[in-house]
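Here's the letter readout for the chains.
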Amino acid sequence: MGGMEKTRVLFVCLGNICRSPIAEGIFWKRVRELGLEERLEADSAATGPWHLGEPMDPRAAAVLKKHGAYFDHVARQVAPEDFERFDLILAADREVERDLLRLAGAQREKVRLITEPWGGGEVSDPWEGDEAACEETYLELEDLVARWIERIAGGPNGDS
Ligand code: 4NP
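Remember, it's a predicted structure, so these values are computed and weren't measured experimentally.

**Regarding the site of the ligand**
Thinking step 1. Around the ligand sit Cys13, Leu14, Gly15, Asn16, Ile17, Cys18, Arg19, Trp50, His51 and Trp127, and that is every residue in its neighbourhood.
Thinking step 2. One nitrogen or oxygen atom from the main chain of Leu14 is found 3.0 Å from an oxygen atom belonging to the ligand.
Thinking step 3. Against a free-state accessible area of 360 Å², the protein chains account for coverage of 89% of the ligand.
Thinking step 4. Here the residues of the shell around the ligand sort into six nonpolar, three polar and one charged.

Encoded structure:
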């Protein structure tokens, strides 16, 4: 529909070098496949300060490249404006969700656990694993991101 406001999704994890960039790469890939570039937008951010300004983890980059979902990424931290700018702020785990809720102020309802479409639970954290662990995380996030996009855009054609 012309002139429709975009829905903006922010993926958040602890470091913004593994889980949330993987989710963001999957999101953009799926949006391109569905032709929803005019309706959906995403970014990702960290709750923690350790990796700001760094590119994504090499294992995450390798997995995204393998799936045709790689993009240029620089880690950044969640900022107060994010709670105004984004419509949905998806936390990679409960610790991240807790930290986001502390920062969210009046925008608390925008903060959700990324596993909500599964009814809760956790996405595998590949931080201490190898590339195979990253692949596992990718597959979990691929399913979850598809479910979120379906919720937001209303089906595979985004027309309902
Ligand atoms: P991410 O992974 O939150 O998926 O980006 C991590 C990255 C860095 C750290 C922990 C998790 N860290 O402790 O530095």
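So, next bit.
**Let's talk about the sheet that holds strand 1 (residues 7–13)**
Thinking step 1. Pairing is parallel across the open sheet formed by four strands, whose spatial order is 2-1-3-4. Strand pairing shows two members of the sheet lacking a second neighbour, strand 2 (40–46) and strand 4 (111–113), which therefore form its edges. The sheet shows a mean angle of 25° between the axes of neighbouring strands, taken without regard to direction.
Thinking step 2. Looking at chain direction, strand 1 and strand 2 are connected through seven bridges and run parallel. Directly across from Thr7, in strand 2, lies its bridge partner Leu40.
Thinking step 3. Sheet strands in contact with helix 1 (residues 19–34) are strand 1 and strand 2, and its direction is about 170° off that of strand 2.

**Observations concerning the nonpolar core**
Thinking step 1. Ranked by internal contacts, the top residues of the largest apolar core, which has 29 residues, are Phe11, Ile22, Phe27, Ile114, Leu141 and Ile149.
Thinking step 2. Of all the secondary structure elements, the ones that give two or more residues to this core are strand 1, helix 1, strand 2, helix 2 (58–66), strand 3 (88–91) and helix 5 (131–153).
Thinking step 3. Sorting elements by how many residues they give to this core places helix 5 first, with eight residues.
Thinking step 4. Leaving out residues up to four positions away in the same chain, Ile149 has contacts with Phe27, Arg30, Val31, Leu34, Leu36, Leu40 and Gly154.
Thinking step 5. Grouped together as the second largest cluster of nonpolar side chains are 12 residues, Ala45, Val78, Phe86 and Ala104 included.

**Observations regarding the packing of aromatic side chains**
Thinking step 1. Per the counting criterion, the structure on display carries two aromatic pairs.
Thinking step 2. Ring geometry for Phe11 versus Phe27: centroids 5.7 Å apart, planes at 65°, classification edge-to-face. Note that Phe11 is positioned in strand 1 and Phe27 in helix 1, a separation of 16 residues in sequence. In this pair, the class of Phe11 matches that of Phe27, namely buried.
Thinking step 3. For the pair Phe27 and Trp28, a centre-to-centre distance of 6.2 Å together with 90° between the ring planes defines the contact as edge-to-face.
Thinking step 4. Looking at Trp28, the relative accessible area reads 24%, which means it is partly exposed.
Thinking step 5. A cation sits over an aromatic face here: Lys65 above Tyr70, 4.6 Å from the ring centre.
Thinking step 6. Over the face of the ring belonging to Phe86 we find Arg85, whose NZ or CZ atom lies 5.4 Å from the ring centre.

Rules used in this analysis
- Residues numbered from 1 in each chain as written.
- Predicted model: local features only at pLDDT ≥ 70, side-chain atom pairs only at ≥ 80, totals over all residues.
- Heavy atoms only, no water.
- Near = heavy atom within 4 Å.
- Polar contact = N/O pair within 3.5 Å; in protein donor to acceptor, adjacent residues only side chain to side chain.
- Areas by Shrake-Rupley, 256 points an atom, 1.4 Å probe, with all protein chains shown as cover.
- Nonpolar A, V, L, I, M, F, W, Y, C, P; charged D, E, K, R; others polar.
- Pairing = 2+ DSSP bridges.
- Helix = DSSP H or I, 4+ residues; strand = E, 2+ residues; numbered from the N terminus.
- Axes fitted to C-alpha atoms, helices over the stretch in contact; angles between N-to-C directions.
- Contact = heavy atoms within 4.5 Å.
- Core = buried A, V, L, I, M, F, W, Y, C linked by side-chain atoms within 4.5 Å.
- Buried < 20%, exposed > 50% of the residue type's maximum accessible area, 1.4 Å probe, protein only.
- Phe/Tyr/Trp six-rings, centres within 6.5 Å; stacked < 30°, edge-to-face > 60°.
- Lys NZ or Arg CZ within 6 Å of the ring centre and 35° of its normal.

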